[in-house]
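Here are the chains, one letter per residue:
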Amino acid sequence: MTKKSAGSTNRKVTRRTLVQGMGAAGLGAALGAPLSRRAFAQAKAPIKLSFWTFENPQQRPWVHKRVKLFMEQNPHVTVDFQWFTFGDLGKKISVGFATGTAPDGFVSQDWFMPTWMDKGLLAPLDVQRLGYSSFDAFTGDFASAFVKGATKEGKVYGYPLWFYGFCNYINTKQFKEVGLDPDKDWPKDWKQFGEVAKRLTIRDGSKFTRQGFKFAMHAAQWTMIQFNPILITHGGQWFDASGKCSVNNAAGVKAMTARASIAKQYGAEDPADSIATNPLPQMDWLKERCSMFWCHPIPLAAIKSQNEKMLGEGYFRPVQYPGVESGKGISTTYGFNLVVNARAPKEKQEALQDLYKFIMSDLVDCWKDTAPFTLARKSGWTDNPVVKDFPHVAEVIAAKDRGVFLPRTVVYAELADAMHRGVQKIMLTNGDIKATLDEVAAEVDRASAAYKKG
Amino acid sequence: MRYGQKGSLRRLWAQSRRWLGFIALLALTFAFIFPILWMTSTSFQAGEKMFQLTTEWIPSVWHPENYPNAWSRANFSQYFVNSAIVSIAVMAGNIVFCTLAGYGLAKFRFPGDRFVLLAILSTLMLPLEVTLVPTFLVIHQFGWINTYQGIIGPLLIDAFGVFLMRQSILAIPTDYIEAARIDGAGELRILWQIIVPQCLPALAVLAIFSFRDSWDQFLWPLTVVSLDQYRTYNLGLVQFGEDYGNPPTEQMAIAVLATIPVFVLFWILQRSVNKGFGLSGLK
Amino acid sequence: MASILTTNQAPGRDAARRPARPARRGWRLHYSRRIQLWGASFVLPTLLFFAVFKYGPMIWAVELSFTSYDMVSPPRSLGLENFENLATDPIFRESLFNTIVYIAGSTVLITLVGLGLALAINTAVPGARYCMSAMFLTNLMPILAVCLVWRFLLHPYGLMNQLLEPFGIDRVDWLTDSRTAMPAIIFVTVWRFAPYFMVVFLAGLLAIPDDYYEAAQLDGANAARRFWHVTLPLLAPMIFFVIVVSALLSARIFLMPYIITGGGPGNATRVLSMLIYETGFSYMKMGRAAAISVVLFTIMMVFTFLQMRIFMSREQV
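Bear in mind that the values here come from a model prediction, so they are computed numbers and not experimental data.

Cut-offs and rules
Residues numbered from 1 in each chain as written. Chains lettered and ligands numbered in written order. Predicted model: local features only at pLDDT ≥ 70, side-chain atom pairs only at ≥ 80, totals over all residues. Heavy atoms only, no water. Helix = DSSP H or I, 4+ residues; strand = E, 2+ residues; numbered from the N terminus. Buried < 20%, exposed > 50% of the residue type's maximum accessible area, 1.4 Å probe, protein only. Contact = heavy atoms within 4.5 Å. Areas by Shrake-Rupley, 256 points an atom, 1.4 Å probe, with all protein chains shown as cover. Phe/Tyr/Trp six-rings, centres within 6.5 Å; stacked < 30°, edge-to-face > 60°. Lys NZ or Arg CZ within 6 Å of the ring centre and 35° of its normal. Pairing = 2+ DSSP bridges. Buried area = accessible area lost by both parts, 1.4 Å probe. Salt bridge = Lys/Arg side-chain N within 4 Å of Asp/Glu carboxyl O. pLDDT = per-residue confidence, 0-100. Axes fitted to C-alpha atoms, helices over the stretch in contact; angles between N-to-C directions. Parallel < 35°, antiparallel > 145°, perpendicular 65-115°, else oblique. Left-handed = near helix turned anticlockwise from the far one by under 90°. Nonpolar A, V, L, I, M, F, W, Y, C, P; charged D, E, K, R; others polar. Core = buried A, V, L, I, M, F, W, Y, C linked by side-chain atoms within 4.5 Å. Expected span 1.5 Å × (residues − 1). Polar contact = N/O pair within 3.5 Å; in protein donor to acceptor, adjacent residues only side chain to side chain.

**Some thoughts on the overall build of chain C**
At step 1: A count of helical and extended segments in chain C gives 12 helices and 2 strands.
At step 2: Reading the helices (α) and strands (β) of chain C from amino to carboxyl end gives α-β-β-α-α-α-α-α-α-α-α-α-α-α.
At step 3: Out of the 317 residues in chain C, the part that is buried amounts to 54%.
At step 4: Sequence separation of 24 or more characterises 68% of the internal contacts of chain C that already satisfy a separation of 6 or more.

So, in structure tokens, the structure goes:
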């Protein structure tokens with residue numbers, strides 16, 4: 001800002017000229033400031049960012065909306081916004097990193113964080129740029145389970161966006177049809193789960209008109225999401241202390257037997273129908289072809305688009321997972337982090353962090369568009385009445401808080417594929433559970449060994 | 001039995017056999033084409049009809065809006081343009097280079113020509129599926145990931161086309177060529193005015209099949225394309241099926257649209273293709 | 001030195017022929033050299049293309065197969081470890097087995113069905129030509145559309161099972177039963193490719209002069225014997241061609257198992273091309289994927305040479 005000299009050398013400085021000068025200086029400042037700010041903005045070098053995320057009918061448009069708003073407010077920044085199917089994003093990012101065509105910023109699914117971080121592919125974030133005073137202030141704003149996957153050695157590598165738990169969505173009308181009370185009789189342990197599912201099933205010879213419960217079987221990711229809590233509640237674990245895959249120990253076999261029992265023992269599910277049909281796995285539940293389905297929080301818009309009657313009359317509700325002990329069911333949780341490519345140039349990294357701060361600055365708006373997908377952050381949304389008024393929001397939040405994480409491992413892709421194949425073998429070809437799980441564990445161990453060798 | 005009776009019986013038997021054969025052939029044909037009919041009929045159905053327990057061959061309620069709906073759900077105009085660019089380029093590349101190479105191998109003797117022929121034919125054992133990883137690395141070295149030339153590159157010439165053109169050109173009497181040379185015609189003129197007109201049927205076959213093969217390409221674009229603006233319709237169609245909430249009947253609508261260009265091209269080239277296959281003798 | 005301007009003959013035999021008069025040096029030599037150069041230059045672009053996109057990559061694949069390479073860090077030499085690991089990997093063994101079963105099944109069925117269809121069209125039945133064109137259309141249909149349609153048709157509640165119901169066949173889980181998954185994929189493959197070879201065989205059948213049949217008929221041969229003694233021997237080169245080409249086509253198949261069953265159930269329909277793609281682009285193990293590519297290439301080579309062997313020995317007999 002240039003200061004207009006109130007007077008030059010030889011002019012007589014009278015009070016008048018002084019006042020005039022100050023007025024002129026003030027006017028100049030008032031006029032000059034916006035002019036020079038615009039000039040400053042125009043002088044900022046244009047930045048082009050590439051940003052990738054996963055497709056979801058509610059989540060992706062909201063992120064896109066925030067990105068567009070950011071671009072409006074920061075005209076020198078353009079963002080090339082791309083999205084990929086949920087199951088494909090990780091692969092595309094892998095190949096992108098390998099070929100040097102990875103985006104500058106992207107939404108990382110939580111289970112891939114170990115892989116990216118282990119290879120040094122993510123840039124550490126500047127928490128102060130994100131609006132936090134310190135590392136501890138940042139981590140304090142999240143449940144430790146969520147933020148643990150994004151931090152390493154005192155540095156933050158991801159800004160957690162959504163983290164949610166799965167619920168058991170039940171069709172209350174169908175419960176009532178078979179004489180069950182949806183508020184009291186929803187299954188709280190595995191035995192009850194199987195029996196309730198059996199009661200809700202309607203068969204027509206070898207065909208199922210209605211399945212009591214349905215496991216989604218079309219993608220490895222869903223296999224992991226569904227089996228994870230079953231394994232943990234039965235006392236099993238994915239890897240033992242030495243890093244060996246332990247899904248085939250006694251607890252794992254018990255867990256898998258429970259999972260398989262719905263179809264095999266109770267006859268309430270048709271695994272062959274699940275595969276290669278609806279890409280939207282909850283479609284069958286929405287179309288009332290099955291009575292119960294484990295799902296991420298389902299937005300009301302999704303229900304409306306497929307089954308207006310269900311939404312209008314409200315004959316659905318989420319309940320907690322069945323547990324080994326009655327009422328002690330836990331769900332599976334996973335989430336997404338906003339991350340930055342370590343190889344992006346510094347200006348782009350900084351611009352991205354500004355973008356992320358902006359995206360995360362209005363979480364109530366996020367809830368409005370994407371409810372009930374719960375957010376990872378503690379602050380900025382939970383107290384808002386809009387949140388509290390959402391139907392069944394307490395169940396959804398409880399699922400998130402009580403849930404157990406998908407395993408964070410560098411061989412996640414191999415683990416997921418191995419489990420997926422194993423479940424197919426068990427459910428579709430009557431494979432022996434112990435033998436199949438042994439194969440799965442062996443496969444994962446091979447992948448771990450190969451990874452360690454580099 | 002009098003001769004006349006026997007003759008008329010035999011004729012009757014022969015005629016009924018022909019009509020029986022006709023019906024049998026019709027049944028066989030229907031057995032082959034019913035999936036195409038099913039695809040078309042399903043593309044006009046509502047989404048719910050897909051997994052009903054009985055099939056409705058003629059839709060009771062027509063839903064032509066499946067087509068514009070499906071089209072608007074993803075960037076299909078871009079995808080089909082990309083596929084068209086790739087397929088036309090590959091078709092052109094094959095026509096040009098396979099004809100040149102076929103001619104060179106059919107009518108010219110130079111040192112090592114036998115070896116060259118064998119070498120070219122042996123690439124039939126090196127399809128993209130086998131060379132996928134290193135071809136990807138080569139394209140990456142050229143900086144052609146996520147570009148049109150990256151998709152077109154490895155598809156540009158197919159050894160099968162060389163073989164086809166060589167077979168076709170072999171049948172052209174060499175005297176014509178020699179006479180033209182003696183008359184002082186240049187090699188390129190001979191190629192353009194003598195060779196090409198005589199192998200038009202083979203060119204038609206080459207055109208339709210190279211177009212069809214690149215129109216079908218999935219694995220290679222899947223490997224080399226990650227950005228939306230370069231996706232071919234194949235990638236778009238698979239992604240469409242995996243995205244939330246897209247009715248499978250709309251997926252069938254896009255599939256029908258994808259089928260049309262190849263059918264149209266075949267219909268245009270049909271007579272030449274039949275000649276090229278040597279089917280002109282068919283009744 | 002044999003002149004370039006001899007009439008069309010199989011290469012190699014020119015050497016045996018002596019020119020009618022001694023070749024005039026000077027202008028004629030220069031001229032024939034020029035023709036040679038033209039020929040070579042017509043072939044050169046194609047040769048260069050294959051060097052860059054076929055031979056180069058294959059050599060690189062062999063090189064890569066001895067390394068561990070994830071594209072982020074430079075390749076690390078592993079010797080024969082990739083191959084050793086593959087040999088003990090049950091998934092690789094299953095995929096190898098599936099690929100061989102698939103190639104064998106598809107090739108045999110495509111040849112038989114193609115030949116059968118051609119014979120059916122070649123009768124004097126009215127409208128045969130239109131039937132042929134209609135069936136040929138299935139070969140032109142985009143292969144992705146084919147896969148998607150059949151995935152729906154073979155669903156447990158899909159059209160195929162509906163058609164089989166009146167025959168008392170209860171629901172068959174075509175794509176999820178490990179006994180029927182691979183046969184289902186082979187079935188779709190045959191459906192897709194047989195019409196093309198029908199046309200190829202048809203061309204061959206039409207090329208057989210009628211005199212042969214008349215002569216055989218005069219000798220008292222019935223239809224079956226005419227087929228066995230006239231048609232088949234004359235069609236033999238074509239049959240060989242069809243077997244080789246359909247084997248090469250089946251060896252490289254990717255889309256059908258990928259879309260229709262995703263390699264499942266378990267690994268029942270996983271073929272080598274799928275394994276190559278997954279190993280290289282899902283797990284980023286380029287060296288290992290290259291090793292699998294080498295195996296696939298070897299299979300294709302072995303099949304091709306085996307056929308040539310069989311054909312050659314038949315020829316001599």
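**A short note on the overall build of chain A**
At step 1: In terms of helices and strands, chain A carries 20 helices and 13 strands.
At step 2: Looking at chain A as a whole, 57% of its 454 residues qualify as buried.
At step 3: In chain A, of all internal contacts separated by at least 6 residues, the share reaching a separation of at least 24 is 74%.
At step 4: A total of about 18,600 Å² of accessible surface is found on chain A, and carbon and sulfur atoms cover 54% of it.

**Description of the packing of aromatic side chains**
At step 1: Following the criterion strictly, the structure yields 86 aromatic pairs over all chains and no others.
At step 2: We note A:R408 situated over the ring of A:F405; from NZ or CZ to the ring centre the distance is 4.4 Å.

**Here we look at the pairing of strand β6 (residues 159–165) of chain A**
Across a regular strand the side chains alternate sides, sitting on one face of the sheet and then on the other.
Residue and element names in this part refer to chain A.
At step 1: Counting buried positions over the 7 residues of β6 gives 7, a clear majority of the element.
At step 2: Direction of pairing for β6 relative to strand β12 (residues 332–340): antiparallel, over a ladder of 5 bridges. What sits directly across from F163, in β12, is G335.

**Things to note about the interface of chain C and chain A**
At step 1: Each side of the interface is counted separately: chain C has 32 residues, and chain A has 30 residues.
At step 2: Between chain C and chain A lies a buried interface of about 2,800 Å² when both sides are counted; carbon and sulfur atoms form 53% of it.
At step 3: Per-residue buried area on chain C facing chain A is highest for C:Y157, C:T176 and C:Y283; these three make up 21% of the total on that side.
At step 4: The residue C:E94 makes a salt bridge to A:K425 at a minimum N-O spacing of 3.9 Å.

**Digging into the pairing of strand β10 (residues 290–295) of chain A**
Residue and element names in this part refer to chain A.
At step 1: Taken across its 6 residues, β10 has 6 buried, putting it largely inside the fold.
At step 2: Bridge count between strand β9 (residues 207–214) and β10: 3 bridges; the pairing is parallel. Along β10, the bridge assignment pairs K214 with F293.

**Digging into the pattern of salt bridges**
All names here are of chain A.
At step 1: One pass over the structure, following the stated rule, counts 40 salt bridges over all chains.
At step 2: Of the charged contacts, one joins D104 and K348 as a salt bridge, the two residues approaching to 3.7 Å between their closest N and O atoms. On the criterion of sequence distance, the pair formed by D104 in the loop between α3 (89–99) and β3 (105–109) and K348 in helix α15 (residues 346–359) is long-range, its members being 244 residues apart.
At step 3: A relative accessible area of 10% places D104 in the buried class.
At step 4: K348 sits in the partly exposed class, given a relative accessible area of 22%.
At step 5: When salt bridges with common partners are traced through the structure, they connect K65, R66, D365 and D369 into a single cluster.

**Re the confidence of the model for chain C**
All names here are of chain C.
At step 1: Residue-level pLDDT values for chain C average 84, and 89% of them are 70 or greater.
At step 2: Predicted confidence in chain C is weakest over helix α8 (residues 210–218), with a mean pLDDT of 82, and strongest over helix α3 (residues 90–121), with 93.
At step 3: The low-confidence segment residues 1–16, where pLDDT is below 50, has 30 contacts with residues more than four positions distant or belonging to other chains.
At step 4: Taken over the whole predicted complex, pTM reads 0.86, whereas the ipTM for its chain interfaces reads 0.87.

**Structural notes on the packing of helix α7 (residues 181–206) of chain C against helix α9 (residues 223–251) of chain C**
Residues and elements named next belong to chain C.
At step 1: Put simply, α7 and α9 touch, their axes get as near as 10 Å, and they point 155° apart. Regarding the angle of α7 to α9, the classification is roughly antiparallel. Viewed along their axes, α7 and α9 form a crossing whose handedness is right-handed. On α9, the residues that touch F193, F197, V200, F201, G204 and L205 of α7 are T231, L235, M238, I239, F241, V242, V245, S246 and L249.
At step 2: Residue classes in the contact of α7 with α9 are distributed as 12 nonpolar, 3 polar and no charged.

**Observations regarding the nonpolar core**
At step 1: Counting residues in hydrophobic clusters, the biggest one holds 187 residues, and the most contacted among them are B:Y103, B:W220, B:F277, C:I121, C:W150 and C:M256.
At step 2: With 17 residues, the single largest contributor to this core is α7(C).
At step 3: Counting 139 residues, the second-largest nonpolar core is a separate cluster that includes A:V319, A:Y356, A:M360 and A:A418.

**Brief notes about unusual backbone geometry**
All names here are of chain A.
At step 1: Omega for the peptide link from A371 to P372 comes to 0°, which places this bond in the cis form.
At step 2: Inspection of the secondary structure puts P372 in the loop between α16 (363–370) and α17 (385–388).
At step 3: Of note, the phi angle at E288 is positive, near 65°, even though the residue is not glycine.
At step 4: Phi angles above zero are rare outside glycine, and N430 is one such case at about 55°.
At step 5: Counting through the fold element by element, N430 comes out in the loop between α19 (412–428) and α20 (433–453).

**Some thoughts on α7(C)**
At step 1: The terminal C-alpha atoms of α7(C) lie 37 Å apart, and with 26 residues this matches the ideal 38 Å at 1.5 Å per residue to within 8%.
At step 2: By the criterion of burial, α7(C) is predominantly enclosed, with 23 of the 26 residues buried.

**As for the environment of B:K107**
Residue and element names in this part refer to chain B.
At step 1: Within the secondary structure layout, K107 lies in helix α3 (residues 76–107).
At step 2: With 59 residues separating them in the primary sequence, K107 and R166 have C-alpha atoms 8.7 Å apart.
At step 3: In terms of polar contacts, K107 uses its side chain to reach the backbone carbonyl oxygen of I172, at 2.6 Å.
At step 4: A distance of 3.2 Å separates a polar atom in the side chain of K107 from a polar atom in the side chain of T174.

**Some points on the interface of chain C and chain B**
At step 1: Taken residue by residue, the interface counts 95 residues in chain C and 109 residues in chain B.
At step 2: For the pair chain C and chain B, the summed buried area comes to about 9,100 Å², and 78% of that belongs to carbon and sulfur atoms.
At step 3: Per-residue buried area on chain C facing chain B is highest for C:F42, C:L140 and C:F152; these three make up 8% of the total on that side.
At step 4: Scanning the region where chain C abuts chain B turns up 2 salt bridges.

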